[in-house]
Amino acid sequence: MKEFIKKVGFPRFIITVFLIALIVLAVYLNIPLSGLLTDMLVRFGMNAILVLAMIPGIQSGIGLNFNLPLGIIFGLIGALISIEFKLSGFLGLFLSILIAAPLAAIAGYFYGKMLNRIKGEEMTVGNYIGFSVVSGMCIFWLIAPFSSPELIWAYGGNGLRVTVSLESSIAHVLNNFLAFNIGNVTIPTGLLLCFALFAFIVWIYGRSNKGLSMIVAGSNPNFAMSNGIDVDKQRIKGTVISTVLAAIGIIIYSQAFGFLQLYNAPLYSAMPAAAAILIGGATLKKANIVHVIVGTLLFQSLLVVALPVVNVIAEGSMSEVIRTIVSNGIILYALTREEGETA
């Protein structure tokens, strides 16, 4: 048993046992299992690309990218512009990504250059940069030159709403694409295929010469330099890819959620993504696609099942409390491990 737990990893074993116990309890409380399974698949697809954005950062040596809000801000801007021009469906979705990706790449480039000046403090500084960017954008949202009635406050005509509905634009475009039912469980095929596409791109890039150079630079900078690899350049490259994936990830998340959330909403978006990839078995030096899939599935499934079970038992919502405990607890646990040790 000890060997099995050691192989699986203590955090994953505990969370899996807790998740199974919650599912059994949900069945006992007559909570429809089909609805829970559907929600697990949807939440997995919603969050997986944001978790995927952690891989280039870890592989390039900057560690967990706690500055995901930087990319998320540009994803939101891309989606807002597509709504301003009354674009909807796949056209609106693709245009949102086409606008957001280059903006995020430029921001990621300059953020990567800054990280090269503060080596060893990337995660701490990234956290504060993320908070600063989100706070600064709160001013921008109030003065942004958008005029669509769907975006601005109903009174006064100035400033963007806190929550913008995507019902008339890109809501559930991917969720409904090729969706089908198995019994009462709905499979959001488009959403899952979208994650599979980006996961494949990241996977294939990691096996290219450029991807391998980035991984070597991140895992052993001295060895990389002795082989003529520009470590600083590889770190910038990883930061750019991570920021672009964050911008795309929030667009995919928002279309599944049905709303854009502005102002302070992106503030703590990096914490669940960091927790998920650590739960999946990633370290501060090593991460791959399997860690993303396992971690996102466990983390999001736990939240999906815990909410209705706790609501029935305690007659109140404790989902946010559980999310905070799990995400912050697993990050704290991982950061206390020795460098390179699996959480």
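Residues numbered from 1 in each chain as written. Predicted model: local features only at pLDDT ≥ 70, side-chain atom pairs only at ≥ 80, totals over all residues. Heavy atoms only, no water.

- For the chain, the name recorded in an unreviewed UniProt entry is Simple sugar transport system permease protein, with Keratinibaculum paraultunense as its organism.
- For the chain, the Subcellular location (unreviewed entry) comment in UniProt is given as "Cell membrane". (UniProt positions renumbered as here; feature names shortened; annotations may be inferred.)

**Looking at a nonpolar patch on the surface**
Line of reasoning, step 1. The grouping of Phe90, Phe94, Phe177, Leu178 and Leu193 at the surface amounts to a nonpolar patch, some 470 Å² of accessible area in total.
Line of reasoning, step 2. Within the secondary structure, Phe177 is located in the loop between α8 (173-176) and β2 (180-182). (Patch = residues over 30% accessible without salt bridge, like charges linked within 9 Å, V, L, I, M, F, W, Y side chains within 5 Å. Areas by Shrake-Rupley, 256 points an atom, 1.4 Å probe, with all protein chains shown as cover. Salt bridge = Lys/Arg side-chain N within 4 Å of Asp/Glu carboxyl O. Helix = DSSP H or I, 4+ residues; strand = E, 2+ residues; numbered from the N terminus.)

**Thoughts on the nonpolar core**
Line of reasoning, step 1. Residues Leu52, Leu80, Trp141, Leu160 and Ile277 are the most contacted members of the largest nonpolar core, which totals 96 residues.
Line of reasoning, step 2. Among the elements that line this core, the one with the most residues is helix α12 (residues 231-257), at twelve residues.
Line of reasoning, step 3. Beyond its immediate sequence surroundings of up to four residues, Ile277 is in contact with Val51, Met54, Ile55, Ile58, Leu64, Ala282, Ala287, His291 and Val292. (Core = buried A, V, L, I, M, F, W, Y, C linked by side-chain atoms within 4.5 Å. Buried < 20%, exposed > 50% of the residue type's maximum accessible area, 1.4 Å probe, protein only. Contact = heavy atoms within 4.5 Å.)

**Things to note about the pattern of salt bridges**
Oppositely charged side chains can pair when the atoms bearing their charge come close.
Line of reasoning, step 1. Going through the model one piece at a time under the given rule, you end up with two salt bridges.
Line of reasoning, step 2. Residues Asp232 and Lys119 are paired through a salt bridge, measuring 2.6 Å at the closest nitrogen-oxygen approach. Taken as a pair, Asp232 in helix α12 and Lys119 in the loop between α6 (89-115) and α7 (122-143) lie far apart in primary sequence, 113 residues in all.
Line of reasoning, step 3. The salt bridge partner of Arg235 is Glu122, with a shortest N-O separation of 2.7 Å. Of this pair, Arg235 sits in helix α12 while Glu122 sits in helix α7; the two residues are 113 residues apart in sequence, bridging distant segments of the chain.

**Re the UniProt feature "transmembrane region" (unreviewed entry) in the chain**
Line of reasoning, step 1. The UniProt feature table records "transmembrane region" (unreviewed entry) at residues 12-31, 37-55, 62-83, 89-112, 124-144, 185-205, 240-260 and 291-314.
Line of reasoning, step 2. Helix makes up 95% of residues 124-144 and strand 0%, and the two end C-alpha atoms of the span are 30 Å apart.
Line of reasoning, step 3. A distance of 34 Å separates the end C-alpha atoms of residues 185-205, which is 81% helix and 14% strand.

**Here we look at empty space enclosed by the protein**
Line of reasoning, step 1. Considering all chains together, one arrives at two cavities of 30 Å³ or more under this definition.
Line of reasoning, step 2. Contributing to the lining of the largest cavity are Phe66, Pro69, Asn127, Phe131, Leu267, Tyr268, Ala270 and Met271.
Line of reasoning, step 3. Sorting the residues of the lining of the largest cavity by element identifies α7 and α13 (270-279) as the ones contributing at least two each. (1 Å grid on protein atoms, 1.4 Å probe; cavity = no way out; pocket = protein on both sides within 12 Å on 5 of 7 lines; lining within 4 Å. Points joined across faces, edges and corners; volume = space filled by probe spheres on them.)

**Things to note about the side chain of Asn67**
Line of reasoning, step 1. One can find Asn67 in the loop between α4 (54-60) and α5 (68-84).
Line of reasoning, step 2. Accessibility expressed as a relative area gives 1% for Asn67, which makes it buried.
Line of reasoning, step 3. With residues near it in sequence (within four places) discarded, Asn67 still touches Tyr111, Gly126, Ile129 and Gly130.

**Observations regarding the side chain of Ser301**
Line of reasoning, step 1. Along the chain, the position of Ser301 falls in helix α14 (residues 289-314).
Line of reasoning, step 2. On the basis of relative accessible area, Ser301 is assigned to the buried category, the value being 3%.
Line of reasoning, step 3. When residues no more than four places from it in sequence are discounted, the contact partners of Ser301 are Leu19, Met40 and Thr296.

**Re the environment of Ser213**
Line of reasoning, step 1. As for its position among the elements, Ser213 is in helix α10 (residues 209-219).
Line of reasoning, step 2. If near-sequence neighbours (up to four positions away) are discounted, Ser213 is found in contact with Ile229 and Gln234.

**Focus on the packing of α5 against α7**
Line of reasoning, step 1. At a minimum axis distance of 9 Å, the contact between α5 and α7 shows a crossing angle of 25°. As judged from the angle between their axes, α5 and α7 are roughly parallel. Mapping the contact onto sequence places Pro69, Leu70, Ile73, Leu76, Ile77 and Leu80 in α5 and Gly130, Val133, Val134, Met137 and Trp141 in α7.
Line of reasoning, step 2. Tallied by class, the residues present in the contact of α5 with α7 amount to ten nonpolar, one polar and no charged. (Axes fitted to C-alpha atoms, helices over the stretch in contact; angles between N-to-C directions. Parallel < 35°, antiparallel > 145°, perpendicular 65-115°, else oblique. Nonpolar A, V, L, I, M, F, W, Y, C, P; charged D, E, K, R; others polar.)

**Brief notes about the environment of Leu37**
Line of reasoning, step 1. As for its placement among the helices and strands, Leu37 is situated in helix α3 (residues 33-52).
Line of reasoning, step 2. Put simply, Leu37 and Val185 are 148 residues apart on the chain and 6.5 Å apart in space, counted from C-alpha to C-alpha.

**Some words on the packing of α3 against helix α9 (residues 189-206)**
When two helices pack together, their arrangement is given by the angle between their axes and by how far apart the axes lie.
Line of reasoning, step 1. Interhelical geometry of α3 versus α9 gives an angle of 25° and a closest axis separation of 9 Å. Taken as axis vectors, α3 and α9 run roughly parallel relative to one another. Crossing of α3 over α9 shows left-handed handedness. Within the contact between the two elements, α3 uses Leu41, Val42, Phe44, Gly45, Met46, Ala48, Ile49 and Leu52 and α9 uses Leu191, Leu192, Cys194, Phe195, Phe198, Ala199 and Val202. (Left-handed = near helix turned anticlockwise from the far one by under 90°.)

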